[in-house]
Amino acid sequence: MQNVASVSASLGSMGLLRLCGVSWPWSLAAGLCMYLGTTSWKYFYIAARTAKRDLIGLYVLLRVRLSLWRFMRNGSNVPSIFSETVKRNPHKIALIYEATGETWTFTQLDHLSNSVANWARHQGWISGDVVALFMESRPLQVALWLGLAKVGVEAALINFNLRRDSLLHCVGVSRSRAIVFGAELADAMLEVSSSLGQSMVRFCTGDLDVHQLAYLVATPLDPILASMPGYTSSACILQKSMSDRLFYIYTSGTTGMPKAAIVVHSRYYRIAAFGYYAFGMCPEDVMYDCLPLYHSAGNIMGVGQCLMHGLTVVVKKKFSASRFWDDCIKYNCTVIQYIGEICRYLLSQPVRPSEKGHKVRLAVGNGLRPSVWEAFTDRFGVKKIGEFYGATECNCSIANLDGKVGACGFNSRILPNVYPIRLVRVDEDTMELVRDKRGLCVPCQPGEPGLLVGRINQQDPLRRFDGYANHEATKKKIAHNVFKKDDSAYLSGDVLVMDELGYMYFRDRGGDTFRWRGENVSTIEVEGILSSLLGQTDVAVYGVAVPGVEGKAGMAAIADADGTFDCSMFLERIQAALPSYARPVFLRLSPSVDTTGTFKIQKTRLQREGFDPRLTSDRIYFLNAKSAPYVVVDEELYVAIAEGRVHL
């Protein structure tokens, strides 16, 4: 706060606003409008409660913006910023690979990425070419995309869980000229080898025998890199700007095929710097990164702290709940990352001494359910949660700076236009924007759920939207006439709720909320309650259509690995915990619930199969409104429900 105060004193509030890209007359007018639109006591109440938080947020925004401006003015990019980090920390450990215990100093990582750059030049690849990387998380993956970036080649970071059509789609949509794959994924490559075609150059890292390499038409990469010089002349380094493409990261594909999101150099820096300043990290921190490096959380919010700010980052090959705290102790970690359901998985583990013997002070991530938040901090002694909201491609990221339980971020109620984001009304069934008489979007009031949008300004690195490799996919995420006539805004696709102090809470991904018995049911809220009731079990909640019935009936897919689920006890619990309209009408019990590589629940297949027992071997149950208990859905009962002979 001393830094915040000194910046404020030296620049003044109007100077801060100008540096943040907002003219002071507009901001003053916005604040005055809020004052006049509310009772004076309420305005001052909100100001008193949020001034400190808003000032810290303004300081973070200022720090990131000033750094970006400096780098853009100097013609910097991600590789050149990394070079400065290397100069400051030549012998410090940059990356630790947990799977083998190997370490890379900043100088060694720089040399390896230089070898990659020289290899790429020898291949004849030029600026704008794309190379796909398909491997499990390891430091080499960082050296590969970083080295490619040094000569202007863009990497496509492919999810290592993908197979067949999804894998081919991701390689194809990026228009990759070559693919580098890990030996551990040879079987997945074999499945698509013939479909990739002879023109696709293939390199393998890791141990494969001569026959396997020949069958895959692949060249071993490790000996090639070992033979390449670990230095490059400045003339060989292509000076791309902060607005140029760095690599592609794919969306999770929870609602269809993954989309290749474009990550430019300024976006990489912005995401990393946003986390660094917002949550008070420092170069002495050691971060435990158990998230996949094909994802922005693991590769940018995680590894980005190493490349941009000089932290040591422990790269975990694969998340392990049982090894998590032991690893943190072993490597003296002070910061951990989470996403999706990781915190819940850790809570489901048996109590062990290591969960309190660590030095972790900060957990950074998104998707921490309110029902898990306090249980996690109390049990594991982690003092600070750095929860944020943001997608790889979005321009409306927000952060929880002061530990407000359950909030994923905030926007100032005093000067809302300093950071031009907004919740706007949508039809929750169709996700269509609701507009007023002027054709503009209707802003939500506190307590009213709405779609998060961010005003687009392509000249501003904090507000630009670079979209996807597919132009049509990009167009679908842009709306016009949102804040004012002829403007454009990014559509997040996510529904949030803001309270009167400006704190925002994630409600649902677009389309997840469903309407039943005249009420809107939030799948996120119901999932959290059910998971807690069942001891942090995996649960997916979604709505399914029933012929002749208005709305969608709630269905819950529940992980029941040992087959011991008790429907009667479950019903007793939900009757006490949930209103009648939110109780699942159908249950689906299966050994596990599908999740993405970043622990997001996969619902597409579940929604498609509905409650039809002919489409799955899982056990399906129906809550009989008359006789009360859940009963097994067989083909006869399914037909009776579908024909309207059994009433819901």
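Residues numbered from 1 in each chain as written. Predicted model: local features only at pLDDT ≥ 70, side-chain atom pairs only at ≥ 80, totals over all residues. Heavy atoms only, no water.

For the rest of this paragraph, the subject is the overall build of the chain. Of the regular secondary structure elements, the chain holds 20 helices and 28 strands. At 26 Å, the chain has a C-alpha radius of gyration in line with the 26 Å of a compact globule built from 648 residues. Its C-alpha atoms give the chain principal-axis dimensions of about 80 × 70 × 55 Å. Looking at the chain as a whole, 57% of its 648 residues are labelled buried. (Helix = DSSP H or I, 4+ residues; strand = E, 2+ residues; numbered from the N terminus. Rg over C-alpha atoms; globule rule 2.2 N^0.38 Å. Buried < 20%, exposed > 50% of the residue type's maximum accessible area, 1.4 Å probe, protein only.)

Core analysis: the largest hydrophobic core is formed by 132 residues, its most contacted members being Trp 119, Phe 134, Trp 145, Phe 247, Tyr 268 and Leu 307. In terms of residue count, the dominant contributor to this core is helix H11 (residues 265-278) (nine residues). If you look at the next biggest cluster of nonpolar residues, it comprises 42 residues, including Trp 516, Phe 611, Leu 637 and Ile 641. (Core = buried A, V, L, I, M, F, W, Y, C linked by side-chain atoms within 4.5 Å.)

A few words on a nonpolar patch on the surface. Residues Leu 66, Trp 69 and Met 72 make up a contiguous nonpolar surface patch of roughly 250 Å² in combined accessible area. Secondary-structure assignment places Met 72 in helix H3 (residues 40-73). You can call Met 72 partly exposed: its relative accessible area is 32%. (Patch = residues over 30% accessible without salt bridge, like charges linked within 9 Å, V, L, I, M, F, W, Y side chains within 5 Å. Areas by Shrake-Rupley, 256 points an atom, 1.4 Å probe, with all protein chains shown as cover. Salt bridge = Lys/Arg side-chain N within 4 Å of Asp/Glu carboxyl O.)

Now for the pattern of salt bridges. Two side chains that carry opposite charge are able to pair once their charged atoms sit near each other. If you walk through the whole model with that rule in mind, you get 30 salt bridges. The salt bridge partner of Lys 317 is Glu 136, with a shortest N-O separation of 3.4 Å. Of the two residues, Lys 317 is situated in the loop between strand S11 (312-315) and helix H13 (324-330) and Glu 136 in the loop between strand S3 (130-134) and helix H6 (139-150); the sequence distance between them amounts to 181 residues. Between Arg 425 and Glu 448 there is a salt bridge; the shortest N-O distance is 2.7 Å.

A few words now on helix H5 (residues 106-122). The first and last C-alpha atoms of H5 sit 24 Å apart over 17 residues, in line with the 24 Å expected at 1.5 Å per residue. Within the span of H5, buried status applies to Phe 106, Leu 109, Asp 110, Ser 113, Asn 114, Ser 115, Val 116, Ala 117, Asn 118, Trp 119 and Ala 120. Once H5 finishes, Gly 124 follows within two positions and takes phi at roughly 85°, a positive value. (Expected span 1.5 Å × (residues − 1).)

Let us look at the packing of helix H4 (residues 78-88) against helix H12 (residues 296-309). The contact between H4 and H12 brings their axes to 7 Å, and the two run at 65°. Judged on the interaxial angle alone, H12 and H4 are roughly perpendicular. Where H4 approaches H12, its residues Val 78, Ile 81, Phe 82, Thr 85 and Arg 88 are matched on the opposing element by Cys 306, Leu 307, Met 308 and His 309. (Axes fitted to C-alpha atoms, helices over the stretch in contact; angles between N-to-C directions. Parallel < 35°, antiparallel > 145°, perpendicular 65-115°, else oblique. Contact = heavy atoms within 4.5 Å.)

Detailed reading of predicted coordinates is not advised where the pLDDT is low. Here the chain averages 89 in pLDDT, and 90% of its residues register 70 or above. Counted against residues more than four places away or in other chains, residues 1-17, with its pLDDT under 50, gives 22 contacts. (pLDDT = per-residue confidence, 0-100.)

What follows deals with the state of the cysteines. Under the counting rule described, the total for this entry stands at zero disulfides. Cysteine Cys 282 is unpaired, with the sulfur of Cys 333 as its nearest cysteine sulfur at 13 Å. Cys 396 forms no disulfide, and the closest cysteine sulfur to it belongs to Cys 394, at a distance of 4.3 Å. (Disulfide = S-S within 2.5 Å.)

Examined against the element boundaries, Ile 342 turns out to sit in helix H14 (residues 342-347). Here Ile 342 falls in the buried class, since its relative accessible area comes to 0%. In this structure the C-alpha to C-alpha distance between Ile 342 and Cys 290, which are 52 residues apart in sequence, comes to 9.7 Å.

With that settled, consider the sheet that holds strand S9 (residues 260-264). Across the sheet, seven strands lie side by side as S7-S6-S5-S3-S4-S8-S9; this open sheet has mixed pairing. Taken across any chain shown, the strands that pair with only one partner, and hence form the sheet edges, are strand S7 (219-220) and S9. Inspection of the sheet shows strand S4 (residues 154-157) paired to strand S8 (residues 245-250) by three bridges, in the parallel sense. Bridging across to S8, Ala 156 finds its partner in Tyr 248. Helix-sheet contacts for H11 involve S8 and S9, and the interaxial angle to S9 is about 85°. Its contacts with the sheet put H12 on S4, S8 and S9, and the angle it makes with S8 is roughly 135°. (Pairing = 2+ DSSP bridges.)

Positionally, Lys 477 belongs in the loop between helix H16 (471-476) and strand S19 (478-480). Excluding residues within four positions of it along the chain, Lys 477 makes contact with Phe 465, Tyr 468, Ala 489, Tyr 490, Leu 491, Ser 492 and Gly 493.

Its 14 residues place the ends of H11 20 Å apart at the C-alpha level, agreeing with the 20 Å of an ideal helix rising 1.5 Å per residue. A large share of H11 lies buried, amounting to 14 of its 14 residues. Backbone geometry just after H11 places Gly 280 at a positive phi near 65°.

Attention shifts here to the environment of Ala 188. Note that Ala 188 resides in helix H8 (residues 186-196). Considering only alpha carbons, one finds Ala 188 and Leu 112, 76 residues apart in sequence, at a separation of 27 Å. Apart from the residues within four sequence positions on either side, Ala 188 is in contact with Phe 134, Arg 163 and Leu 167.

Backbone geometry at Asn 332 places phi at a positive 55°, although glycine is not the residue there. Classification of Asn 332 by relative accessible area gives partly exposed; the value is 41%. Even without glycine at this site, Asp 486 takes up a positive phi of about 70°. Looking at where Asp 486 falls in the secondary structure, it is placed in the loop between S19 and strand S20 (488-498). Given a relative accessible area of 74%, Asp 486 falls into the exposed group.

Let's shift gears to the packing of H4 against H5. Packing of H4 against H5 leaves a shortest axis separation of 9 Å and a crossing angle of 145°. Both H4 and H5 take part in a crossing whose hand is left-handed. Where H4 approaches H5, its residues Phe 82, Thr 85 and Val 86 are matched on the opposing element by Phe 106, Thr 107, Leu 109 and Asp 110. In terms of residue class, the contact of H4 with H5 is built from four nonpolar, two polar and one charged. (Left-handed = near helix turned anticlockwise from the far one by under 90°. Nonpolar A, V, L, I, M, F, W, Y, C, P; charged D, E, K, R; others polar.)

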